[in-house]
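Residue-level structural notes
Spelled out from the first residue to the last, the chains are:
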Amino acid sequence: MKKNEAKISKSVIDNVTFIQKSFHSNSDLVVRSVIPPLTEGSLELSIVYLGTIADKVTIQEHIMRPILQMKTISSSHPIGDITNTIEVSDIQVVSFKDAVIKHLINGQTILLLEGMDHCISADTADWKDRSLSFPQLQRSVKGPQIGFTEISNNNISLVKRYVKNPNLVIEEQTIGDETNTSVSLMFLADKVDSEILDNIRNKIQSIQLNSILDSSYIEEMICEDQITPFPLILTTERPDVTSGHILEGKIAIFCDGSPNVLIAPALFIQFFHSSEDYYEKSLFELSRLVRIFSYIISIYLIPMYIAFTLFHQELIPSELIISLASQRQMVPLPVVIEVIVFMLIFQVILESSIRLPTGITLAFSIIGTIILGQSAADAGLVQLTTLVIVSATYVLNFAVPIQPFANAIKMIRFIFVFLASIFGIYGIMLGTFVLVNHLCKLNSFGAPYLSPIAPVHIADLKDTFIRMPLKKIINTPKKYTKDDYIKKQKNE
Amino acid sequence: MKYLYMLFIILSISSIFFSQGDKHELNKTSFSFAIGIDYAKGGYEVSLQLINPGAISGEIILNNSPYIVYKATGKTIDSALEKISMNTSRSLDLQQEQIVLLGEELLRKGKIKDIIEYILHSTDIPSNSIIVTTKGNSARELLEIFSPIEGISSLEISNTLNKLGKKVSKTANDIKVDLIDDGKDIVVPYIELKGDAKKGGEKKNLETTEPTHFAFVGLALFKEEKLKSFMNYKDSLYLNLLYGKSSGFIIESSCPESEEKFAYKVTNSLAKKKEYQKEEDKYIFHYDLYLKGDISQYNCHLNLENPETSNQIEKQVKKSINNKTHKVLEHTKEHEMDPLGLGQIISQQDPKTWNKIKGDYPALLKNAEIKVNSHITIQNVGNYKSRGD
């Protein structure tokens, strides 16, 4: 849409033609001309709205009826009289053509008055919405069971219910030239790091995308300066998680139309944290450690298997090597190819099972698991141990509570498999060396990704691997140590 | 940060030049769990027990034997191994070696040092594999036996020795240490074949209830580098008792009041404080033994509920320990060897005397005497405290 800074004209007919032209005579564009039977003065006005998104009952009951019942109107301030007459809470006076269009597409009703170069915009938007429901992706056993929906305003109100604090600031802006998506930043004014806030604000303002359909578009656009498979922004659909992070001084980004709220800055270790950690007695719980352990093992299990069976057979216990060797007797493919084929098959099974109609899932699971897995081994195509190793890897991988983070290591695992098959354990060490360096290098909007582990921040470690009692962690806010090095580099 | 990625690329490329050449799929490798070395004229006869994994577990595709023994002679062990590898379709993997079985004849000729040096030097044979010797048969004959319980004879031998306690099995490292140490002679466990060697090499051996099998018989005692004598299993256990830890054996003693016998089952033992004392021309060694155990079979008539009885029983156990250790010492005196490491005790506690007597040392052991001070704890006397008569 081209920027149209022109003011609206004084003629209603001109304005209506302009609007109709702008909307290409859209069938849901409703134009209703009203001439109220006034005893004093005269008024000619047109009511314009988009029938599909505006609430017709409101228009009829609270705009049309009061206007038609008007008796008098002052000739000097007709707009003031009308705004006093119509019974809608949110009313604005608009004078620019592009603003009129913008209001219309947001579901507002425009009242155009003959002879005036202003018009009235009344909020009558009625967006179709689903009711609040359980969070779909991040379920939990204990704690709040409410999830975000697609309406940004509802989501904001959900968070506001948790954080009843005047310092909670919402900044709204519209981005995307064609979709005009409203994006809101939410933060606690007294706790937020102004530098990070400016950084995020600038990055969102400079997004040059025509269309924004989901919050993931924003995530990709504002993180594009660092190439990494790891997510630098936490995505959540839980209002309690969002509130918790906002209270730690982080910034939440709400995108209208998306149930996923973005939280920045995000740290590596926070992807292992689940909201339940705070609701359960956690000091004696191992769940976080189990998640971290299984994440690491799910990277290394397959490469280690390859390295041991190909290069370092002396490190396998004798009893095990007999059974491994006996399984390999009549297997045609080399172990590396076998593993890679099964990893790919597993990815395909995952991919297809997500989008499968529910009716076929049973048949699919029989084919996918029993026929493919068991029979392949029985037929002597693959080694049973390979199946065990590959499936164990994927099971371990699912232990991570946040899916995008679990998916981040898909590619890394393949790279490690190649390294292990060419160089053995030496290759795995080489890969680890680069992986750790890469993680150390990353930063999420100025906060080092591996903080508080590297650089070490002892106070924050209380809520890292295990959660210490709440009274020790809640009242002392976390300081994700900002990367001085990177800041210095930027200043220079 | 770019230099890191450069470093990664450089390391990857450079590793191609020194990457391991021994990359083998598991079905291209032949594993060997036991190697036997015998004496051959002018060299060694090496027999290698190669595992046939297909026949041991999983699906049996070909009805072949679980393992095959290849043998070859050579002037060095390596040349013999090379000959064996010419016979097989797969590459040999000696890194899983559990057992190094040395023929009796080879050790009688004093070749143990050569073998130990070879194992420690070799990059293939792990230095923690157990060294065992044979009595009567050659190593090759023993490796050809089908093992009735574990399925693989090498695992059966290593499990048998490990069961008896850590001090019984000896690795190349342990023997090397004993070789270097002054005043201690080598001790190597030996096994014997029970039954007919020829029948043991047939698959029928796995199907009978009275198979030809191995047995741990005791310790082979060396004088310097030559095998001198074999000590039976019971005496060897007492030898082990004096070395340090051993467990799970029975001490038989006669009852305090009669000639009937009772059995004291040792569950835990510890030898502490080996002290040396010189009296005139006698060398006296004091051992403190701490034993824990149960009364097992009890043929005596005294009531065990009476604390006095257990004191008497403890005395009897002490007595039989003293008798047995004395017998062990007599045996070593006879062959002029020192498996107990008595010389070592002297050299540690009285280096001056040791330097004087070092030259004609093992002969001087004639004057040695062992005094064992045992501390017996009876943990469990059994359900019936007295025999009721």
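Definitions and limits used
Residues numbered from 1 in each chain as written. Chains lettered and ligands numbered in written order. Predicted model: local features only at pLDDT ≥ 70, side-chain atom pairs only at ≥ 80, totals over all residues. Heavy atoms only, no water. Contact = heavy atoms within 4.5 Å. Buried area = accessible area lost by both parts, 1.4 Å probe. Salt bridge = Lys/Arg side-chain N within 4 Å of Asp/Glu carboxyl O. Polar contact = N/O pair within 3.5 Å; in protein donor to acceptor, adjacent residues only side chain to side chain. Helix = DSSP H or I, 4+ residues; strand = E, 2+ residues; numbered from the N terminus. Nonpolar A, V, L, I, M, F, W, Y, C, P; charged D, E, K, R; others polar. Domains from an automatic or database assignment. Buried < 20%, exposed > 50% of the residue type's maximum accessible area, 1.4 Å probe, protein only.

Taken together, the contacts link 34 residues of chain B with 33 residues of chain A. Roughly 3000 Å² is buried in total at the junction of chain B and chain A, and carbon and sulfur atoms are behind 62% of that figure. With a closest N to O distance of 3.6 Å, Glu25 of chain B and Arg328 of chain A form a salt bridge. In this structure, the connection of chain B to chain A is made through five residue pairs in polar contact (both at pLDDT 80 or more). When contributions to the side of chain B that touches chain A are tallied by element, the ones reaching two or more residues are helix 1 (2–18), strand 1 (29–40) and helix 2 (53–56) of chain B. When residues in the side of chain B that touches chain A are grouped by element, the largest group, nine residues, is from helix 1 of chain B. Looking at the side of chain B that touches chain A residue by residue, the classes come out as 16 nonpolar, twelve polar and six charged.

All names here are of chain B. According to the domain assignment, chain B consists of domain 1 (28–233) and domain 2 (247–380). In this structure, domain 1 and domain 2 have C-alpha centres spaced 33 Å apart. Between domain 1 and domain 2, the residue contacts involve 13 residues of the former and 14 residues of the latter. Along the contact surface separating domain 1 from domain 2 lie one salt bridge. The partner of Lys223 in a salt bridge is Glu336, with the nearest N and O atoms 3.6 Å apart. Where domain 1 meets domain 2, there are three residue pairs in polar contact (both at pLDDT 80 or more). Counting only elements with at least two residues in the side of domain 1 that touches domain 2, the list comes to strand 9 (213–223) and strand 10 (226–232). Per element, the largest residue contribution to the side of domain 1 that touches domain 2 is four residues, and it comes from strand 10.

Burial runs high along helix 10 (residues 233–243) of chain B: nine of the eleven residues are buried. With a side-chain oxygen lying 3.3 Å from the backbone nitrogen of Lys234 of chain B, the N-terminal cap of helix 10 of chain B falls on Asn232 of chain B.

The subject of this paragraph is the side chain of Asp463 of chain A. Residue and element names in this part refer to chain A. Here Asp463 is to be found in the loop between strand 12 (447–448) and helix 18 (470–473). For Asp463, a relative accessible area of 4% translates into the label buried. Within polar-contact distance, the side chain of Asp463 engages the side chain of Arg288 at 2.8 Å. Ignoring sequence-local partners within four residues, the contact set of Asp463 consists of His273, Tyr278, Arg288, Ile473 and Lys478.

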